[in-house]
Amino acid sequence: MNSAEDVWAVVLELLKKDLTTVTINTFFDEVKAVSITGTQLTLMVPTEFKKNLIESRFKGYIVKALSELFSGEFDVQFIAAENFTPEAETSSVEQDLDELYTFKNFIVGSSNRFAHAAAVAVAEEQTRNYNPLFIYGDSGLGKTHLLYAIRHEVKRRHPDYKIILVRGNDFLSELITAINTGRNLEFHEKYRSADLFLVDDIQVIAGKHSTEEEVFNTFNTLYEAQKQIVFTSDRPPAEMKTLAVRLRTRFEMGLIADIQPPDFETRSAIVQNKSLQLGLPLSDAVVYYIAEHMTANVRQLEGAVKKLKAHRDMEKTEITPAIAARVIKDMTISTEYEPTPDDIIEETAKCYGFTSEELKGKKRDTGVVLARQVAMYLVRQILNLSAPEIGSIFNKDHTTVLHSINKIASEIPKSQELSITIKDITTNINSRGN
Ligand code: ADP
Ligand code: MG
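Just so you know, these numbers come straight off a predicted model, no measurement behind them.

J.: For this particular structure, what's the right way to read the site of ligand 1?
T.: Taken together, the neighbourhood of ligand 1 is formed by 17 residues, with Ile-107, Gly-140, Thr-144, His-145 and Glu-302 sitting nearest. Tyr-101 has a polar side-chain atom sitting 3.4 Å from an oxygen atom of ligand 1. A distance of 2.7 Å separates an oxygen atom of ligand 1 from a polar atom in the side chain of Thr-144. Summarising the interface, the protein chains cover 95% of the accessible area of ligand 1, which totals 560 Å² for the free molecule.

J.: What is the right way to read the packing of helix H13 (residues 298–315) against helix H14 (residues 321–331) from this model?
T.: Pairs of packed helices are described in terms of their axes, by the angle between the two and the distance that separates them. Where H13 contacts H14, the two axes come as close as 10 Å, and the packing angle between them is 125°. Considered as vectors, H13 and H14 are oriented oblique to each other. At the point where H13 passes H14, the crossing takes the right-handed sense. On H14, the residues that touch Gln-300, Gly-303, Ala-304, Lys-307, Leu-308 and His-311 of H13 are Ile-323, Ala-324, Arg-326, Val-327 and Met-331. Partitioning the contact of H13 with H14 into residue classes produces six nonpolar, three polar and two charged.

J.: What am I meant to see in the nonpolar core here?
T.: Nonpolar side chains in soluble globular proteins tend to end up buried together. Judged by nonpolar contacts, the single largest core of 30 residues is most densely connected at Trp-8, Leu-15, Phe-28, Leu-43 and Ile-62. Contributions of two or more residues to this core are made by helix H1 (4–15), helix H2 (21–28), strand E2 (40–45), helix H3 (48–70) and strand E3 (75–80).

J.: Mind showing me how you'd approach the packing of aromatic side chains here?
T.: To describe a pair of aromatic rings, you give the distance between the ring centres and the angle between the ring planes. On inspection of all chains with the given rule, the structure shows 18 aromatic pairs. A ring pair is formed by Phe-28 and Phe-58, whose centres lie 5.4 Å apart and whose planes are at 65°; its orientation type is edge-to-face. With Phe-28 in helix H2 and Phe-58 in helix H3, this pair connects stretches of sequence that are 30 residues apart. For the ring pair Phe-171 and Phe-219, a centre distance of 6.2 Å and an interplane angle of 10° mean the geometry is stacked. Highlighted residues: Phe-171 in helix H7 (residues 168–180) and Phe-219 in helix H9 (residues 209–224), separated in sequence by 48 residues. By the ring-pair criterion, three or more aromatic residues cluster together here, those being Phe-134, Phe-171, Phe-187, Tyr-191, Phe-197, Phe-219, Phe-231 and Phe-251. Residue placement shows Arg-246 over the ring face of Phe-216; its charged tip is 4.0 Å from the ring centre. Over the ring of Tyr-223 we find Arg-250; its NZ or CZ atom is 4.4 Å from the centre of that ring.

J.: Teacher, can you tell me more about the side chain of Glu-214 here?
T.: Relative to the assigned elements, Glu-214 resides in helix H9. Salt bridges are absent for the buried Glu-214, whose nearest opposite-charge side chain, Arg-192, sits at 9.5 Å. In this structure the side chain of Glu-214 is engaged in a polar contact, spanning 3.0 Å, whose partner is the side chain of His-188.

J.: Just checking my understanding: could you explain the sheet that holds strand E1 (residues 32–37) for this structure?
T.: Within a sheet, neighbouring strands are paired by backbone hydrogen bonds and run either parallel or antiparallel to one another. On the basis of which strands lie adjacent, the open sheet formed by three strands has the order E1-E2-E3 and mixed pairing. Of all the strands in the sheet, just E1 and E3 have a single pairing partner and so form its edges. Strand-to-strand twist of the sheet, defined as the mean angle between neighbouring strand axes without regard to direction, takes the value 25°. Bridge analysis of E2 against E3 gives six bridges, and the strand direction is parallel. For Met-44, the partnering residue across the bridge sits in E3 and is Ile-79. The strands touched by H1 are E1 and E2; relative to E1, the strand with the most contacts, the crossing angle is about 115°. Packed onto the sheet, H3 meets E1, E2 and E3 and runs at close to 155° relative to E3.

J.: Explain H13 to me, please; I cannot follow it from the model alone.
T.: Each α-helix winds once per 3.6 residues, and so residues spaced three or four apart point in a common direction. In this model H13 runs 26 Å from its N-terminal to its C-terminal C-alpha over 18 residues, within 8% of the 26 Å that 1.5 Å per residue would give. Most of H13 sits inside the fold, with 13 of its 18 residues counted as buried. Its side-chain oxygen placed 3.0 Å from the backbone nitrogen of Arg-299, Asn-297 serves as the N-cap of H13. Note on H13: the residue one or two positions beyond its end, Lys-316, has a positive phi of about 55°.

How each quantity is defined
- Residues numbered from 1 in each chain as written.
- Chains lettered and ligands numbered in written order.
- Predicted model: local features only at pLDDT ≥ 70, side-chain atom pairs only at ≥ 80, totals over all residues.
- Heavy atoms only, no water.
- Near = heavy atom within 4 Å.
- Polar contact = N/O pair within 3.5 Å; in protein donor to acceptor, adjacent residues only side chain to side chain.
- Areas by Shrake-Rupley, 256 points an atom, 1.4 Å probe, with all protein chains shown as cover.
- Axes fitted to C-alpha atoms, helices over the stretch in contact; angles between N-to-C directions.
- Helix = DSSP H or I, 4+ residues; strand = E, 2+ residues; numbered from the N terminus.
- Parallel < 35°, antiparallel > 145°, perpendicular 65-115°, else oblique.
- Left-handed = near helix turned anticlockwise from the far one by under 90°.
- Contact = heavy atoms within 4.5 Å.
- Nonpolar A, V, L, I, M, F, W, Y, C, P; charged D, E, K, R; others polar.
- Core = buried A, V, L, I, M, F, W, Y, C linked by side-chain atoms within 4.5 Å.
- Buried < 20%, exposed > 50% of the residue type's maximum accessible area, 1.4 Å probe, protein only.
- Phe/Tyr/Trp six-rings, centres within 6.5 Å; stacked < 30°, edge-to-face > 60°.
- Lys NZ or Arg CZ within 6 Å of the ring centre and 35° of its normal.
- Lys, Arg positive; Asp, Glu negative; His and termini not counted.
- Salt bridge = Lys/Arg side-chain N within 4 Å of Asp/Glu carboxyl O.
- Pairing = 2+ DSSP bridges.
- Expected span 1.5 Å × (residues − 1).

This is the structure:
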């Protein structure tokens, strides 16, 4: 056990002593172990915001687990993926992903055959008609993988091409900064010069009216210059309701390819493949057990294999179907639980560093007010109580409640920080049911 990924898998396992599985899944799902040198593990986190969040809340736990694992002092360092601009493409992080997310490593089955074939056709320039190529599907089904694979292949064929791969969110914030600082032209220049333009999770631009014009212009310029564009999204253009019609039409002009959840056969092949990659030979019985019981997505299958490997490394035992069953049970969350208003208030308070009493009380500092508004919003969202009912819980009149709920609802689309926080609180609330 020596690669950063292996170490990280064991650390995740050790963290279970201190943190709930849901907390671990929520916060560390998108964390990638990048490298391990001397006595330092480097982890990549998608955004600066998440990086700060994880650093402040969990660094201590991670260091503790590492020190336990290596029986000595060990440190962890975090980097935010969004700080890697396309110019920094040669960074080791990007290269790692480049090596990992290739066509070679992508298992093809009936659920993703079409999207895979389309991605290959674009990467091999078999046609110019698939422009833009729009790949959509639920989370964890391989969209990002295919996007990187396209880049990998095009880079191999055309080392001189300027390839830009950007996450939809980063593209948006860059654009907003450009607009606010009057650097629209620079922004245009940068993107207009791409030979291949790849946007991961384009759905985030839906509903951002202030930026749609610029987004449209950028795509149009590239399209008219016959440069290949590829988008991934969690939904098809037709379901991006708030998207300006001409943008949606633009997205639909090329080829739309969906990825569905993998069928049993593909799931088995993926488990088999990932376990071999990790040096963890699994018996057919275990492979089938996992493929049978984890049906949602590939990320989850991969997670199960990594957890089993961590288990094997720590316990030094062969993996049996019974062990697999236990690990899988740990990973699936019960959905039947219904929280009480107090559960919701408590989780919200905890997240913002207040007590439930403070949230239900009269204090009016900015921090408490925001936390209180979020709690009201969540009580409404999750339990669908009326404004007077919520008012009686928080000792406020119903107009204050309505104002609070509306305020948060209108802030969410504008603030990534707020929407992530709310997602986290919701996950924590749900995890109380376990
Ligand atoms: P998405 O972008 O659709 O949310 P990802 O591309 O990030 O999903 O995939 C999640 C994980 O599952 C990644 O580690 C990826 O390599 C892996 N994965 C997804 N589909 C496949 C596949 N068909 N074969 C091998 N690995 C896959
Ligand atoms: Mg993705």
